[in-house]
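Structure assessment
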Amino acid sequence: MRALISGASIAGPVVAFWLQRAGFEVTVVERTASLRTGGGGHPVDLLGPAVEVVDRMGLGEVVRAHRTSTDLMTLVRPGKADVTIHGAELLAGVSDRHIEIMRGDLARILHDATERHVEYRFGVQVNGIDDTVVSLSDGSREHFDLIVGADGLHSGVRRLVFGDERGYRHFLGAYLAVYTLPDVFGLGDRVVNYSTVDRSVAIYPTSDPRRVRAAFLMRSPEIPYDYRDTAAQHRVLRTLVDGLGWEVPRILEHLESAPDFYFDEISQIRLESLSRGRVTLAGDAGYGPGPAVGGGSSLALVGGYVLATELAAAGGDHGVAYPAYERAMASTVAASRRIGPSVLATLVPRSGLQVWTMAQALKVLPRLPKPLQKRLTSFGGGPAAMLDGVVLRPAYSQAQ
C-alpha cells in the first residue's frame with residue numbers, strides 16, 4: 001500500500017518509520033525547500049512514552065547524545081539581584097523519564113533514520129485530494145491508499161479536507177516568537193530569562209557557540225495578521241514588546257536579519273474527529289497543547305507511533321485503523337487541551353505579584369527537600385501527566 005505523509009518535522013517521520021517497517025511504500029512531502037534544523041531550534045521535552053518510542057526506534061542513544069547541556073538558568077530582575085538555579089532542580093518534577101533536546105536536532109535525527117527507506121520530496125506540498133488521487137504542487141497527480149496530515153498548526157492537508165481552520169482553532173491568548181542572533185551577550189552555557197507582566201523573554205545557547213536564540217512569549221488579545229507574511233510578523237512582535245527594557249532592544253536589532261525567524265499564535269486545534277475518508281491527522285495538525293506550552297513534541301512522537309501501529313495491525317484498512325487510533329489517543333488529546341492554558345499561566349506572569357512570587361520560588365527551590373522540589377516543578381502534572389493514558393502496543397514489522 002502507498003502512504004503519503006505531509007510534513008517532515010516530527011510526527012511525519014515517526015509515522016513513516018513504522019509504516020515502511022510494516023511493508024508500506026511511504027512518500028513524505030514537505031513544503032520547505034530543505035529540512036528545518038535552525039542551529040538546533042528551540043528546546044523540547046521528550047517525556048515518558050515519547051522516550052519509549054525513540055528507544056523502540058533504536059534512536060535512544062543518539063537522542064540522548066544530543067540532549068541539551070545547559071546547566072544554569074538565570075532569572076533577571078532589573079534593579080534587583082539576579083536569581084540563578086541549576087536546570088536539574090528546575091526540571092526535577094517534569095518526569096522520571098525526560099530528555100530535553102533541541103527540536104531541530106530531533107527532526108534531523110528522525111529524518112536521518114528514515115531517509116534510506118522513505119521517499120522525501122522537499123519543496124512540495126499537497127494541493128488537492130480526491131479520494132485516492134492527490135495533486136501535488138510540482139504538477140504531479142498520484143494515487144495513495146492513505147494520506148496523513150502531519151504538517152503543523154496551519155496544516156494544508158487539514159484545510160483541504162476539514163475546511164478553514166477558524167472553525168476549530170482555539171486561541172489561548174498569547175504569541176510566540178523565536179529567532180537566532182549573534183551572541184553579543186557573552187551568554188556562554190546559560191539560559192537567561194526576563195519576565196514582566198504579560199511578557200517573558202529568554203535567550204539560550206545553540207549548537208554554535210557564536211550564536212544564541214531569543215524566545216518571546218507575549219499575552220495579547222488576538223491580532224489579525226498573515227502567518228505567511230514575515231514583515232507583518234516583525235511589526236506585530238515589535239508592537240507587543242514595545243517599551244520593554246533589559247536586553248530587548250539589542251535583541252531586536254537582529255530581528256530583520258534573522259535567517260530562521262518564527263512567529264505564531266499559541267493556539268490549539270480542537271476537532272471532533274481526526275479522520276475523514278482516507279485522510280487522518282497527526283501531531284500539531286490534529287492536536288497539541290499549543291506552541292511553547294510543553295509536551296507538544298512528545299505528543300507528536302507518541303501520536304505518530306500509535307497511528308502507524310494501528311495501520312500496520314489493520315493491514316492498512318483505514319476504516320479499522322483510524323477509529324482505533326482516535327480511541328487510543330482520546331484521553332491524551334483531551335488532557336492536552338486542559339494543560340495548555342494552565343502551563344501558559346505559569347510561564348507568563350499575569351501580575352506583578354506573580355513576577356515576585358516566581359523569583360522567590362526559584363530562590364528557595366534549591367533548599368527544599370527533593371520530593372517538594374518535584375511537586376513544585378511538575379506544573380501540576382502537566383505535560384508528563386498528559387501522556388499517562390497512552391498505551392503503546394507492540395510495533396509491527398513486515399516480518400510479522
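A brief structural summary. These numbers were taken from a predicted model, which means no experiment stands behind them. (Residues numbered from 1 in each chain as written. Predicted model: local features only at pLDDT ≥ 70, side-chain atom pairs only at ≥ 80, totals over all residues. Heavy atoms only, no water.)

Quick notes on the overall build of the chain
The condition is simple: Think of it this way: any DSSP run of H or I at least four residues long counts as a helix, any run of E at least two long counts as a strand, and we number them from the N terminus. This radius of gyration counts C-alpha atoms alone. The globule rule is 2.2 Å times how many residues there are, raised to the power 0.38. Only heavy atoms matter for contacts: two residues are in contact if any of them lie within 4.5 Å across the pair. Per-residue and other accessible areas follow the Shrake-Rupley method at a 1.4 Å probe size, with only the shown protein chains counted as cover for residues. We score Asp and Glu as negative and Lys and Arg as positive, and we do not count His or the chain ends. A charged residue contributes its charge at one atom only: NZ of Lys, CZ of Arg, CG of Asp or CD of Glu.
Across its full length, the chain holds 13 helices and 18 strands. Here the chain has a C-alpha radius of gyration of 21 Å; the compact-globule value for 400 residues is 21 Å, and the two agree. For the chain, the spread of C-alpha atoms along the three principal axes comes to 65 × 45 × 35 Å. Within the chain, counting contacts between residues at least 6 apart in sequence, those at least 24 apart form 74% of the total. When the accessible area of the chain is evaluated, it comes to approximately 17000 Å², of which 51% is carbon and sulfur surface. Between the averaged position of the 42 positive side-chain charges in the chain and that of its 43 negative side-chain charges there is a distance of 5 Å.

Digging into the sheet that holds strand β1 (residues 2-6)
The following threshold applies: Note: two strands are recorded as paired if DSSP finds a minimum of 2 bridges between them.
Across the sheet, 6 strands lie side by side as β7-β2-β1-β11-β18-β17; this open sheet has mixed pairing. The open sheet has two edge strands, β7 (119-122) and β17 (275-276), and neither has a second partner. Pairing between β1 and strand β2 (residues 25-30): 5 bridges, direction parallel. Across the sheet, residue R2 finds its bridge partner in β2, namely E25.

Here we look at the nonpolar core
Note that soluble globular proteins tend to have their nonpolar side chains buried in a common cluster. Formally: For the purposes of this section, nonpolar cores are sets of buried Ala, Val, Leu, Ile, Met, Phe, Trp, Tyr and Cys residues that join through side-chain atoms within 4.5 Å. Any residue under 20% of the maximum accessible area for its type is buried, any over 50% is exposed, and the rest in between are partly exposed; the area is computed with a 1.4 Å probe on protein chains only.
Counting 70 residues, the largest nonpolar core has L46, V63, L106 and L301 as its most contacted members. Residue contacts for L301: discarding those within four places in its chain leaves I10, V14, L46, A50, V53, V54, L106 and L110. If you look at the next biggest cluster of nonpolar residues, it comprises 29 residues, including Y194, L240, L244 and L252.

Structural notes on the pattern of salt bridges
The line we're drawing: For salt bridges, the criterion is a side-chain nitrogen of Lys or Arg within 4 Å of an Asp or Glu carboxyl oxygen.
Evaluated as defined, the whole model comprises 21 salt bridges. Here R219 ties to D198 by a salt bridge, and the two come within 3.7 Å at their closest N and O atoms. A residue pair is termed long-range when its members are at least 10 positions apart, and R219 in strand β15 (residues 211-219) and D198 in the loop between β13 (190-196) and β14 (199-205) qualify at 21 residues. The class of D198 is partly exposed, set by a relative accessible area of 26%. The partner of R213 in a salt bridge is D260, and the shortest N-O contact between them spans 2.5 Å. Placement of R213 in strand β15 and of D260 in the loop between α8 (248-252) and β16 (262-269) is noted, with a sequence separation of 47 residues between them. Residue D260 is classed as buried on the basis of its relative accessible area of 18%. Each of R2, E25, E119, R121 and E142 takes part in one network of salt bridges that share partners.

Points about the side chain of R219
Selection rule: Pairing of N or O atoms within 3.5 Å defines a polar contact, subject to two protein rules: one partner must be a possible hydrogen donor and the other a possible acceptor, and residues neighboring in sequence count only if both atoms are side-chain atoms.
Owing to a relative accessible area of 9%, R219 belongs among the buried residues under this scheme. Here V348 takes part through its backbone oxygen, which lies 2.7 Å from a polar atom of the side chain of R219. Those residues in contact with R219 that lie beyond four places of it in its chain are G173, A174, D198, R199, L344, A345, V348, P349 and R350.

Describing the environment of T68
Assignment of secondary structure puts T68 in the loop between α3 (60-65) and β4 (72-76). Excluding residues within four positions of it along the chain, T68 makes contact with P43, E100, I101 and M102. Among the polar contacts listed, one links the side chain of T68 to the side chain of E100, at a separation of 2.6 Å.

Some remarks on the packing of helix α2 (residues 49-56) against helix α9 (residues 296-313)
For clarity, the cut-off: Lines fitted to C-alpha atoms define the axes here, with helix axes fitted over just the stretch in contact, and angles between the N-to-C directions of these axes take values from 0 to 180 degrees. Should an angle lie under 35 degrees it is considered roughly parallel, over 145 roughly antiparallel, and from 65 to 115 roughly perpendicular; all remaining angles are considered oblique. By definition, turning the near helix anticlockwise from the far helix through less than a right angle yields a left-handed crossing, and turning it clockwise yields a right-handed one. Each residue gets one label: Ala, Val, Leu, Ile, Met, Phe, Trp, Tyr, Cys and Pro are nonpolar, Asp, Glu, Lys and Arg are charged, and the others, such as Gly, are polar.
At their nearest, the axes of α2 and α9 sit 8 Å apart, and the two run at 55° to each other. In terms of orientation, α2 and α9 fall into the oblique class. Between α2 and α9 lies a crossing whose hand is left-handed. Residue-level inspection shows P49, A50, V53, V54 and R56 of α2 in contact with α9, the latter providing S298, L301, V302 and Y305. Each residue belonging to the contact of α2 with α9 can be placed in one class, and the counts come to 7 nonpolar, 1 polar and 1 charged.

As for the environment of E115
Residue position: E115 is located in the loop between α5 (103-114) and β7. Under the relative-accessibility criterion, E115 is labelled partly exposed at 41%. Along the backbone, E115 and F17 are 98 residues apart, and their C-alpha atoms lie at a distance of 9.1 Å.

Keep in mind these numbers describe shape, not what the thing actually does.
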